[in-house]
Each structure stands twice: as C-alpha cells, then as structure tokens.
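Below, each chain spelled out in residue letters.
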Amino acid sequence: MIKNFYNRKALWGSAIAALVAMAACGGANGGKDAAGKDSDSVFSASQQDFHADNDIAMTLGSIADAIRVGEPLDSATYSYTGVLTDGVGRPLYTDVDGTPGAWNVNVVSANDAVISTTDVGDLPAAELEKYVVTSLGLGEPILVKDHADGTYRLYAFSDNEQMSVESHVVTDNTGFQGTKMVIGIWRLNGK
C-alpha cells in the first residue's frame, strides 16, 4: 500500500512537470500558433499586437507634459504610426477591412504635434474625445464649432498650452462612411 502511494505521487509529479515544461516551451504545438507562425504567447496575433502602452491618452499626456515643461518635441521620440488603444489594449477603431485602424503621431515643430487617424473607420469620436479629455484632466472646451460633417473643439491645458479635437464623417472610395479624427496639441507663442 505504501509503495502504491509513492508510485501515484511520482506519477502526479511527473504529469505536473510535463505540463509545466510544455507551457514553458510553447505548448504541444512546438511554439507555433494556429496559423503555424512562431508564438511565445497563448494570445492570438491580433491580441498580441496591441497593448495599453499605446494608449492614446498616455501618448497625448506625454506630449502635453513635454510641452508644459518647455521640452522641445523631438520627432524621434514622439512620431509614430500604428495602432493606438483605449488603455486596456483595445484598438480605438477598425478600418473598412475590419482590421485595427492606425494613427499617425506627427511632431510638426518643437512646440506642436498632431495625432490623426490614417483611415476612415468606425471610430466613436464623441466617446474617444470624452476619454481623452477626462484622462488629461481638461475641463469644458473654450471653443466649439459644429459643422455638417463633424465638430471642432478647443481645450486649454493652461494659458499657454492648448489641444484641439476635430472629427469628420467622411465617405471613402468604396462607399464606406466613417469617422476621421485629428487631435492637435501645442504651446502658444513658442514659449
């Protein structure tokens, strides 16, 4: 009976060790995902490509902080083209093909940056604007212009720093109607 107990214990220990080894090596499929590509994660490729480090509010906050302390914006540091997320890793919009929509973060000058969608998509502009404004601790807009295909709002960080949020409903060449957004952030008078 004691011998049988130790045999079972050894069998369970071996099984657990094998499972741990399989998990560490990428599982039973030799570290390849369902499409046969190398993978170090249990997440699918689409989940793996996006993470909260690309949060649009964090990106804008970083640019705003640099402007606030008088640091010249450097395109090598801030310019970026790729998917931005909502902070929990979800892309902000999908394009006409249903793929996560890309953004272009462009440093225009040492005091000015523009973040814009690269494609037409299903962007929830009002919700995104509210998320960004709340995350950055901004109050009500100091200027609002509504037009037939969208809106323009101007916010102030301080007397010397501002951010604009502009969205337009557009139709692309395939007939898909969606939203494009441009967010500008700058320091007034270059000070």
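Relevant structure appears above.
Read on for an overview of the structure. (Residues numbered from 1 in each chain as written. Predicted model: local features only at pLDDT ≥ 70, side-chain atom pairs only at ≥ 80, totals over all residues. Heavy atoms only, no water.)

### Some details on the packing of aromatic side chains
All told, the structure shown has 1 aromatic pair when counted by the stated rule. Ring geometry for Tyr93 and Trp103: centres 6.0 Å apart, planes at 80 degrees, overall edge-to-face. Of this pair, Tyr93 sits in the loop between β1 (80–83) and β2 (102–109) while Trp103 sits in strand β2, placing them 10 residues apart in sequence. Judged by relative accessible area, Tyr93 falls into the buried class, the value being 2%. (Phe/Tyr/Trp six-rings, centres within 6.5 Å; stacked < 30°, edge-to-face > 60°. Helix = DSSP H or I, 4+ residues; strand = E, 2+ residues; numbered from the N terminus. Buried < 20%, exposed > 50% of the residue type's maximum accessible area, 1.4 Å probe, protein only.)

### Quick notes on helix α3 (residues 56–68)
Residues three or four positions apart in an α-helix share a direction because the helix packs 3.6 residues into each turn. Its 13 residues place the ends of α3 18 Å apart at the C-alpha level, agreeing with the 18 Å of an ideal helix rising 1.5 Å per residue. Every buried residue belonging to α3 is among Ile56, Ala57, Thr59, Leu60, Gly61, Ile63, Ala64, Ala66 and Ile67, and all of these are buried. Those residues of α3 that are buried lie in contact with α4 (75–78), β2, β3 (112–117), α5 (125–135), β6 (161–171) and β7 (177–187). Gly70, located one to two residues past α3, shows a positive phi value of around 85 degrees. (Expected span 1.5 Å × (residues − 1). Contact = heavy atoms within 4.5 Å.)

### Quick notes on α5
For α5, every residue scored as buried is listed here: Ala125, Leu128, Glu129, Val132 and Val133. The buried residues of α5 occupy an angular sector of 130 degrees when the element is viewed end-on, so they sit on one face. What points out from α5, more than 90 degrees from its buried face, is the exposed set Ala126, Glu127, Lys130 and Thr134. Buried residues belonging to α5 abut α3, β2, β5 (150–156), β6 and β7. One or two residues past the end of α5 sits Gly137, with phi positive at roughly 70 degrees. (Arc of directions from axis to C-beta.)

### A word on the pattern of salt bridges
On inspection of all chains with the given rule, the structure shows 4 salt bridges. Where Arg90 meets Asp86, a salt bridge forms, and the shortest distance between an N and an O atom there is 2.8 Å. Exposure remark for Arg90: the relative accessible area of 53% places this residue in the exposed category. The residue Arg153 makes a salt bridge to Glu129 at a minimum N-O spacing of 3.4 Å. Of this pair, Arg153 sits in strand β5 while Glu129 is found in helix α5, placing the two residues 24 residues apart along the sequence. Among the charged side chains, a salt-bridge network with shared partners connects Asp65, Arg68 and Glu161. (Salt bridge = Lys/Arg side-chain N within 4 Å of Asp/Glu carboxyl O.)

Nothing here speaks to function; it is all geometry.
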